[in-house]
Each structure stands twice: as C-alpha cells, then as structure tokens.
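Understanding the architecture of this molecule
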Amino acid sequence: MKTAIRDINTEILEHNLQKSWQSLHESNDVCEIQCDLKAGTLLVVCQHPANVVIDREKTIAELKSIVLKQELESIEKVGICLNVIGHIYPYAYHSFFTKSRQEESTLTFMPKWVDEKIGSEIKITPELLDSLDNPFNLKDLEAISIRLESDERSESNTHVINPNIPGDKSQKSEIKITSKLLDDLDNPFDAKELDLSPKKFKRKARNYVEQKSPKTKESTVNLTTFSQVEFLSASLSLAILIGCFYAITQPCVIGKCMIIPTAKELNEQSLETIKNVTSSLAPKQAQEKLETAVQDLEKIPFWSIHYLESQHLKSTYQTENQYLETIRKALRNGQQAAQNSKSLPLPKEDWVEIQSLWQEAIALLEKVPEDSIAYPFAKNKLQQYRKYLVAIKGRLTTEEEANQKLIAAKKSAQLAETREVIAQFPESWKNIYSNWADALEKISTIPPQTTAYLEAKNLLPQYEQKLQLADERRIIEQIGEEAYNQGISYSKQAEVFEQRANWKEATEYWQKALNSAEEVPNNSSYFAKVKPLIKSYNTLLKIAAANQRLLDTLAKANQDLSKTCQGKPKICQYSVTKDLITVRLTSDYVEKIKKTAKAVESSKDKKSRTELEKHLKTLQVALEAISNNAKIPLEVYNPQGLKIAAHFPNS
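Residues numbered from 1 in each chain as written. Predicted model: local features only at pLDDT ≥ 70, side-chain atom pairs only at ≥ 80, totals over all residues. Heavy atoms only, no water.

Counting its regular elements, the protein contains 17 helices and 15 strands. A fraction of 64% describes how many contacts in the protein between residues 6 or more apart in sequence connect residues 24 or more apart. Accessible surface for the protein amounts to roughly 40000 Å². Of this, 52% is attributable to carbon and sulfur atoms. (Helix = DSSP H or I, 4+ residues; strand = E, 2+ residues; numbered from the N terminus. Contact = heavy atoms within 4.5 Å. Areas by Shrake-Rupley, 256 points an atom, 1.4 Å probe, with all protein chains shown as cover.)

Right, here's the structure in full:
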C-alpha cells in the first residue's frame, strides 16, 4: 500500500519506512531508520550496532525498494546512507532520482578517513575528487591515467561544472578543501548539521516541514594552462631522471664493489671464531660477524652485476647464521639446565625439567649438519651434553628410588603402628618387629642429596626407638608364652598323678606349674590369662601337699605300729586310715600277759611285777605317741573285738 505524502513530515516518513522495514525482515529490527530533508533531497539513514555486520548492497537495495513505494511528489533526489550507531559519518552511500531513472550513482564506499577526525584543510588532487563518487581504489593510478586521458580528449578546453563545490574558482592540480566541501560533493547536507548520533531518536516531532530549496550555486573550474597529459609527461620524466640518479648512486653499481670482499672477510673471521670450541661466546661472536656481512650484502641492488653473487653469499651466510642461532639456543638451554642443577636437593619434577632442557639442547645440536662451519663446535658440545644428560638421568633415577624407599618405609611403619594397637601374642609382635626392621632398613639406605633424605634423617631415630621397643615387647611376649605353656603342661601332668593318687608327684608338678605361671611377665599379653591359673595352681598344690603329708603320716604310723606290734608272740594287729588308727591285741599276747601276771602274783615278785607294768605302760605310750604324731584318733581292741582303750591326739 502506497502512502501519499504531499507535505513531507519526516517523523511520519520515518515511522512508515521503519514499519515497512520491520515487515520485510519479520520484526528483526536491526536497522533503525531516520530521515532528513534539505533542498529537495531526502536523506534516508540506516543505523545499526557496531557488532552487527550487514550486506551493504542488499540493505541499500531493500531500502530503495521501500522508499520507491512512497509517493514523494516534492522529492527530486533520494540519498541512502549506512551508518554505525555512535559514528558521525556513514560508511556507504547511494543516491538516485525519483522522477528520472537515467541518472543514478553507484554504491559508494566512503574513504577510510571520512570517519576519522578531519583537519580544517585537506589537500587532495582532482583524481581524488573524481573518485569520491565511485567504488574504485584511489591507488589505481593506471586506471586514473586512462580516465584522465579520455576526459582530456572529450572535454579539452571546456569548463567542468560541479554544483556541489561552492565558489567559482578554477581547478588546479592540487585544491585545498575543507571537510564540509568533501561532504557537499554528492550530498547537499552538511555533515556537521546532520546528526546521526543516538540522540536523534529522542528528538521531539517537528511541527513544520522545510519546503524551500536553497538556490544551487554553480562554480566553473578552469583547467590549468598545461594539459593533464603534458603534466603527467613532465612528472614521468622527472621521476625517470630521479630514478636513474638513484640507481647509479647505489653500492656496487658503478666502480669497484668492496662489499663482497668485506663480507667474505667477515665470513672467514666467523669461521676462525667458531673454531674455538671451548668458548661459549664463540657462536655469538661468529653470528654477529655473519649478520654484519648479510646486512652489507643486502645493500647491493638487483640491477648491480654483483647482485647474483651477493644473493648466493647472503643465502649461504643466512643458513650458517641459522645454525649458529640453533647452537646459541642449545647453549642457553644447557646454561639454564646447569643453573637449575646447582641447588641440591631437587624434587623429581625439577630433575624432569632439567632433563628436558638437556634433551632439547641435544636435539638442537643434532640439527647442525656436518658441512656447516659450526659443526665441530656443535659436535664438541653434543658430546658434553650427552654426558650431562646421562648424569641427570642418574640423578632422576636416584631421586625416584629415594622417594619410593621413603614411601615404602612409611607404609611399613604405618602397618607396624596399626598392628601395635591390637597385638597380644608373640606372633603379632614378631610381625611388628619385622615391619619396623623393614622400615628402618629402607630409610637407612636413602642416599644424601635427595629430597627424601631430609625427611628420612628425621624419621630414622624414631624408627630405631620403635624397633627397640618392638623387640623388647617381642621378647616379653615370648617369655610369657613359654612360661604360660610350660605351666599348662605341668598342670596336666599333676592332674594325671592326682588321678593315680600319687600325691608326691602331683605335688611336685603342681609346684612346677605354679612356678611357671608366676614367671609370666605382668606386661605380657599372657598375664591376663595366667593370673587366675596362679590362684588355682596354688590351691591344688596345697591340696596335693596335704594329701601327700597324710600319706606320709599314715606311712609313718604304719611303720611305727609295725615296730610296736612286733614281738614273740606278736603283740597286735593294726589298721590306719586318715580318720582312725585301730589296734587289736593278739590272743597269744594277751594270753601271755595273763600267764605272766598270774605267775608274778603267785610269786609275789615285785621286780617282775614292775617289769610287767612297765611293759604295758610302754605299749600304751607308744600307741598314744603314734596317734599324736599322726593326729589320728586311736582305738585299742582285745582279741574278742571289744574296745578296751581310746586315745584322741592333742590339738
């Protein structure tokens, strides 16, 4: 749908164009459109953010299509600009006429200096003025020359009318113009008056439309007295003259060329310098001489007869210079590696880095070919560096092994400490002792000048003390175990003898069992087990001893009774138990006593009577003594079994 706008209102026009643009791009509002009107020309500006890249030609074509759909009766010419928000000057411009479609400018990309700060005056040539409304590169001098020649043939001795340049001054080969003049070449708007900043979108709607067009000022620029062809011919001749003078004044063009002999002499000096394989400064000094030679050879121009020789020498010297630079880099790596190796001990990571530096240095030296002047120096250093690399690998291996030993020692120590918490018997303490011994052995073999050695030195006395304590505890547990087991063995044998009523042997073995149990150390794990056995063994020992004493008493009583009852005739018969001694007089003995008593009484022999009474008294005392010694009551029976006497031992 076309919108008829007779009295142009830029605010309404902006709204319609923006709406049409949004509908065309499906509400992707990247381009912000603003309009301005001056001298019958409508300027449409599309502004977008700096981070958005748009297709210039496509965007201008779409804007042109949208503008042409509007009925702009009072508009003769339309200019479309593309601009970045925040910039004063546009970066692309296109103009066309609304009524006559024959005259239409191409898409113009503004020069780079348009968006920079332009001074008050800028000197430009007619060629530059000509190129402001075309997309070609201003540096294309050949194209400009062709265009100038064609312009001269078609418009010789005529005046060029440019309505956009104020004044009526004639064009010269060089014209001074201001930034305003540049903006007016194809645009009736003053760049200073055209506000393209973001503030433009915040302005209030204007209540009027400027409709009066200022009068177009035309100026006639007269050509100079000399034609452009003559000017170019003179310039070309002068340039050729200057070029020839420049060419013949360059080194080695005319006369004797001293640069090449000097370069060769510098090369010989470089060769002599690098022969000193013992000096680390030799590569640098040799390189400096070659660089000087190369710099001198570069002064010979390509039109000199010595140019090919100089290029060959320069190529050779540059190659040697690269080899010298390779050697210097290898030396720097070697120096860095040597410097890093001084502060011992070093961790494994530092040794790895030092090893890498030596390896890189060796790899660099191996790149120097045998035909290079620097090869002897590189070969000598290569031999040295390979020896250093072997030494560093040994250091690295030593450091790794030391770390591994320290880690293994710590693991053994940790295992020993864990076992100590739950250890109770000799086997456990044997393992603990073995763990501490292993840890001490590993930590004692860590070599000095390793990072692990410092820590191992601090741990060594601790591990030694732990090993000693473990050994002492192992011995205690071993003693406790042996004593405990021996006591158990003795107790079992004592029980066997008890079953046999061999109280003498039982007493002996209970005593041995008690002694063994008491030998178990009180800080041994077996002490808790043997403690109740000691009390038990002591009790059983007393019982066995008592039984043995009883047996001894009974045996003694039997022995004494045997002596007492002997005679002709036999005096008595007896039996002994732990509770009672029984004595039975024999009938023969009683009969004899009776006969003796009758005989004594009939003879009234006092002596015989006394002897008889003494004999009976002696028998009584003997039996009572036996009872008292055995602490067993005594009962005496006649041959008929009647108890005739009893005796209770003293308490």
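Text resumes after the structure shown.
Further remarks concern helix α13 (residues 451-499). The first and last C-alpha atoms of α13 sit 71 Å apart over 49 residues, in line with the 72 Å expected at 1.5 Å per residue. At leucine 459, α13 is bent by approximately 35°, the largest bend along its length, and proline proline 461 sits one to four residues beyond. Just downstream of α13 lies alanine 501, where phi reads positive at about 60°. (Expected span 1.5 Å × (residues − 1). Bend = angle between axes of the 7 residues up to and from the residue.)

Turning our eyes to something else, we now look at the state of the cysteines. The tally for this structure, following the rule as stated, stands at three disulfides. Two residues, cysteine 31 and cysteine 46, share a disulfide whose sulfurs are 1.6 Å apart. Taken together, the residues cysteine 31 in the loop between α1 (10-24) and β2 (32-38) and cysteine 46 in strand β3 (residues 41-48) connect sequence positions 15 residues apart. Each of the two residues, cysteine 31 as well as cysteine 46, counts as buried. Each bonded cysteine in the protein gets a number by its place in the sequence, and the pairs come out as 1-2, 3-4, 5-6. (Disulfide = S-S within 2.5 Å. Buried < 20%, exposed > 50% of the residue type's maximum accessible area, 1.4 Å probe, protein only.)

Take the pattern of salt bridges next. Under the defined criterion, the tally for this structure stands at 13 salt bridges. A salt bridge links lysine 275 to glutamate 272; its shortest N-O distance comes to 3.5 Å. Among the ionic pairs, glutamate 325 bridges to arginine 332, the shortest N-O distance being 3.3 Å. Given the relative accessible area of 39%, arginine 332 is considered partly exposed. (Salt bridge = Lys/Arg side-chain N within 4 Å of Asp/Glu carboxyl O.)

What follows deals with the pairing of strand β12 (residues 572-576). As judged from the five bridges shared by β12 and strand β13 (residues 581-585), these two strands associate in the antiparallel manner. Paired with serine 575 across the bridge in β13 is threonine 582. Hairpin geometry of β12 and β13 is characterised by an intervening segment of four residues between the two adjacent antiparallel strands. (Pairing = 2+ DSSP bridges.)

Strand order in the open sheet formed by four strands is β12-β13-β14-β15, with mixed pairing between adjacent strands. Two strands close off the open sheet at either side, each with one partner strand: β12 and β15 (643-647). Each strand axis lies, on average, 15° off the axis of its neighbour in the sheet, ignoring direction. For β13 and strand β14 (residues 634-637), the ladder comprises four bridges, and the chain directions are parallel. (Axes fitted to C-alpha atoms, helices over the stretch in contact; angles between N-to-C directions.)

This brings us to a nonpolar patch on the surface. Judged by side-chain polarity, Leu238, Leu241 and Ile242 come together as a nonpolar surface patch covering roughly 320 Å² of accessible area. Among the structural elements, leucine 241 can be located in helix α6 (residues 228-248). (Patch = residues over 30% accessible without salt bridge, like charges linked within 9 Å, V, L, I, M, F, W, Y side chains within 5 Å.)

Right, let's get into the confidence of the model for the protein. Averaged over all residues, the pLDDT of the protein equals 78, while 78% of them reach at least 70. Summarising per-element confidence for the protein, the mean pLDDT is lowest in strand β9 (residues 160-161) (31) and highest in helix α10 (residues 348-366) (94). Taken together, the stretch residues 109-226 has pLDDT below 50 and engages in 172 contacts with residues farther than four places along the chain or on a different chain. (pLDDT = per-residue confidence, 0-100.)

On to the packing of helix α7 (residues 259-274) against helix α8 (residues 282-297), then. Pairs of packed helices are described in terms of their axes, by the angle between the two and the distance that separates them. Close contact between α7 and α8 brings their axes to 8 Å; oriented N to C, the two are set at 170°. It follows from the interaxial angle that α7 and α8 lie roughly antiparallel. Along its contact with α7, which presents Ile259, Ile260, Thr262, Ala263, Leu266, Asn267, Gln269, Ser270, Thr273 and Ile274, the element α8 presents Ala282, Pro283, Gln285, Ala286, Lys289, Leu290, Thr292, Ala293, Asp296 and Leu297. Of the residues belonging to the contact of α7 with α8, the class tally is 11 nonpolar, seven polar and two charged. (Parallel < 35°, antiparallel > 145°, perpendicular 65-115°, else oblique. Nonpolar A, V, L, I, M, F, W, Y, C, P; charged D, E, K, R; others polar.)

Between helix α12 (residues 426-444) and α13, the least distance of the axes is 8 Å, while the angle of their chain directions is 160°. Relative to α13, the element α12 is oriented roughly antiparallel. The hand of the α12/α13 crossing is left-handed. When its residues are assigned to classes, the contact of α12 with α13 shows 15 nonpolar, two polar and eight charged. (Left-handed = near helix turned anticlockwise from the far one by under 90°.)

We now examine the packing of aromatic side chains. Taken as a whole and judged by the stated rule, the model has 10 aromatic pairs. Geometrically, the ring pair formed by tryptophan 358 and tyrosine 385 is edge-to-face, given 4.8 Å between the ring centres and 65° between the ring planes. Taken together, the residues tryptophan 358 in helix α10 and tyrosine 385 in helix α11 (residues 375-422) connect sequence positions 27 residues apart. Considering the side-chain rings of tyrosine 385 and tyrosine 388, the 6.2 Å spacing of their centres and the 35° angle between planes classify their relative orientation as tilted. Remark: tyrosine 388 and tyrosine 385 occur in helix α11; sequence separation between them is three residues, near one turn of the helix. Overall, tyrosine 388 belongs to the partly exposed group, its relative accessible area being 39%. Just above the ring of phenylalanine 96 sits the side chain of lysine 64; from NZ or CZ to the centre is 5.0 Å. Just above the ring of tyrosine 509 sits the side chain of lysine 512; from NZ or CZ to the centre is 4.7 Å. (Phe/Tyr/Trp six-rings, centres within 6.5 Å; stacked < 30°, edge-to-face > 60°. Lys NZ or Arg CZ within 6 Å of the ring centre and 35° of its normal.)

Locating glutamine 468 in the fold gives a position in helix α13. Through-space distance from the C-alpha of glutamine 468 to that of alanine 437 is 9.5 Å; in sequence the pair is 31 residues apart.

The next subject is the nonpolar core. Side chains of a nonpolar character, in soluble globular proteins, are inclined to be buried together. In terms of nonpolar packing, the biggest core is built from 39 residues, with Leu297, Tyr317 and Ile327 touching the most fellow members. Ranked by the residues each element gives to this core, the list is headed by α10, at eight residues. Setting aside residues no more than four positions away along its own chain, tyrosine 317 makes contact with Ala263, Lys264, Asn267, Leu290, Ala293, Val294 and Leu297. Within the second largest apolar cluster, 23 residues are counted, among which are Leu37, Val44, Ile66 and Val67. (Core = buried A, V, L, I, M, F, W, Y, C linked by side-chain atoms within 4.5 Å.)

What follows deals with unusual backbone geometry. In this structure, proline 345 follows leucine 344 across a cis peptide bond, with omega equal to 0°. Here proline 345 is to be found in the loop between α9 (307-340) and α10. Here lysine 568 and proline 569 are connected by a cis peptide whose omega angle stands at 0°. Assignment of secondary structure puts proline 569 in the loop between α15 (527-565) and β12. Not every positive phi belongs to a glycine, and lysine 631 is a case in point at roughly 55°. Take lysine 631: it is sitting in the loop between α17 (606-630) and β14. With relative accessibility at 61%, the residue lysine 631 sits in the exposed group.

This part is about the side chain of threonine 273. Among the secondary structure elements, threonine 273 is positioned in helix α7. Those residues within four positions of threonine 273 in sequence are excluded, and the remaining contacts are Ala282, Gln285, Ala286 and Lys289.

Take threonine 445: it is sitting in the loop between α12 and α13. What makes threonine 445 partly exposed here is its relative accessible area of 35%. Once the C-alpha coordinates of threonine 445 and lysine 405 are considered, the two residues, 40 residues apart in sequence, prove to be 8.1 Å apart. Reaching out from threonine 445, the side chain makes a polar contact with the side chain of lysine 405 at a distance of 3.4 Å. Of note is the side chain of threonine 445, whose polar atom sits 3.4 Å from the backbone oxygen of glutamate 441. (Polar contact = N/O pair within 3.5 Å; in protein donor to acceptor, adjacent residues only side chain to side chain.)

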